[in-house]
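Analysis of the macromolecular model
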Amino acid sequence: MGRFLNVGIIQMPVGLDTAENFRFLEEKTDAIMRSFHRPDLVIGVESISACTPEAIPGRITDYFAGIAKRHGIYFIPGSLSESSPELPENVTYNTAVVFNPQGEMIGKYRKMAPWRPAEAYSAPGREYLVFDIPEKETKIGVQICYDLNFPEISRNETLMGAEVLVKLTMDPQELYLINKHLHFARALENQAYLVSTNGTGFFGDIHLYGNSMVVSPEGNVVWEAGQEPTMCTVTLDLDLVERCRQKGTLFIDHYLKHLYEYDFPMPFANSFKDAPLLKRLGNAPGNPKEYAQNIADVVTNPIGKKAPSNVDFAALARNLDQYLSKRK
């Protein structure tokens, strides 16, 4: 008997209204669990509560814990906006939470690489998350969106034992072709499955391109969605991971074994800021104003003005209160 993990992916519209996001996610989770091909692990997308920060654990995690327990699944509903007392006012973490089939929260992951300048008020996390699914004798690494662009994150989760790398995303249309290649690179270099989920539709002023995908340890597309909301259960052959790592990808390349053998020196591993290049480059733009200043000498005399954006955060919080009160 081999090791197989059924992963349920819910590619969903993500809007500013947290209550609507939660309603859609719960309905589709219920639906995918009625299917004949039931998942062991169900995964949502990034930023399903971006406009309504809450403490973790708290009432939102209680709500998702109930869904995990009702269906008896491992559950990564998506990333949440986490308020925390050590952060400055109006600053939050972008946090993914993980539940086991008993409804217990077994881990949380705070996005390490907030996408500046769009996430100007998001603090970076400092801890990796790799969790066990003992029933399948496997480990899952969790990351969020821009984290994938930094190979150090995927590599460290792999070295911690992850056979499947899960990335929650809300990528805008402009990044589709830029980012697509990264999924293949991360899967191949770590000889791991890469499961990427993305939102669809309009999140405020940006359009999310969808195209959630699963890439095998051999760099093949196992499944890819289009741009519409969808759900799918994909079966991962975990023994393929072990075979690639032990016998070589396509019986040729031993990336991780060679990493062990060569033991490359990493002079800046403990402080990238000591690298001569990074000392010269300095900090990236941290907010929209700094972004505009950074490109002003190149993009001269721009046409048009930035349109104002008004979000009624109080109304969104009331909608969430009403939704959660009805779900108790």
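Here the structure is shown first, and the text comes after it.
The structure reproduced in this document is the subject of the present report. (Residues numbered from 1 in each chain as written. Predicted model: local features only at pLDDT ≥ 70, side-chain atom pairs only at ≥ 80, totals over all residues. Heavy atoms only, no water.)

**Observations regarding the nonpolar core**
To keep things clear, this is the line we draw: Buried residues of nine kinds, namely Ala, Val, Leu, Ile, Met, Phe, Trp, Tyr and Cys, make up a nonpolar core once their side-chain atoms join them within 4.5 Å. For every residue, the accessible area obtained with a 1.4 Å probe (protein chains only) is divided by the maximum for its type, and the residue is called buried under 20%, exposed over 50%, and partly exposed between those limits. Residues count as neighbours in contact if any of their non-hydrogen atoms are within 4.5 Å of one another.
Residues Ile76, Val195 and Leu236 are the most contacted members of the largest nonpolar core, which totals 34 residues. Apart from residues no more than four positions distant in its own chain, Val195 is found in contact with Val7, Ile9, Ile43, Val164, Leu165, Val166, Lys167, Met213, Val214 and Leu236. One finds Val45, Phe64, Ala65 and Met170 within the second-largest nonpolar core, a separate group that totals 29 residues.

**As for unusual backbone geometry**
Put simply, the test is: Every helix listed is a DSSP run of H or I at least four residues long, and every strand listed is a run of E at least two residues long, numbered separately from the N terminus.
Cis rather than trans, the peptide bond between Ile56 and Pro57 has omega equal to 0 degrees. That bond from Arg116 to Pro117 is cis: its omega, 5 degrees, falls within 30 degrees of zero. Note that Pro117 resides in the loop between strand 5 (105-110) and strand 6 (122-123). Even without being glycine, Asn90 reaches a positive phi, approximately 70 degrees. Tracing the sequence through the fold places Asn90 in the loop between strand 3 (74-82) and strand 4 (92-99). Unlike most non-glycine residues, Gln191 shows phi in positive territory, near 45 degrees. Tracing the chain through its elements places Gln191 in the loop between helix 4 (176-190) and strand 10 (193-198). Gln191 sits in the buried class, given a relative accessible area of 0%.

**Quick notes on helix 1 (residues 18-34)**
Our working definition: Expected helix span is taken as 1.5 Å per residue step, with the number of steps being one fewer than the number of residues. Here a polar contact means two N or O atoms within 3.5 Å. Within protein one must be a hydrogen donor candidate and the other an acceptor candidate, and residues neighboring in sequence count only if both atoms are side-chain atoms.
Here helix 1 is 17 residues long and its end C-alpha atoms lie 25 Å apart, about the 24 Å a rise of 1.5 Å per residue gives. Three or more residues of helix 1 are buried, namely Thr18, Ala19, Asn21, Phe22, Leu25, Glu26, Thr29, Ala31, Ile32 and Met33. Close packing links the buried residues of helix 1 with strand 1 (4-11), strand 2 (41-45), helix 2 (59-71), strand 3, strand 15 (230-237) and helix 9 (313-327). By the N-cap criterion, in which a side-chain oxygen at the helix start approaches the backbone nitrogen of a residue two or three places on, helix 1 is capped by Asp17, the distance to Ala19 being 3.1 Å.

**Side note on the sheet that holds strand 8 (residues 138-144)**
Selection criterion: A pair of strands counts as paired when DSSP detects no fewer than two bridges linking them. Helix axes are fitted to C-alpha atoms over the stretch in contact, other axes to C-alpha atoms as well, and angles between N-to-C directions run from 0 to 180 degrees.
Strand order in the open sheet made by the 6 strands is 7-8-9-10-13-14, with mixed pairing throughout. Two strands lie at the open edges of the sheet, namely strand 7 (130-133) and strand 14 (221-224), each paired on one side alone. Pairs of neighbouring strands in the sheet enclose a mean axial angle of 20 degrees, with direction left out of account. Examined bridge by bridge, strand 8 and strand 9 (residues 164-169) share 5 bridges and lie parallel to one another. For Ile140, the partnering residue across the bridge sits in strand 9 and is Val164. Relative to strand 13 (residues 213-215), helix 4 is tilted by about 35 degrees, and along the sheet it contacts strand 9, strand 10, strand 13 and strand 14.

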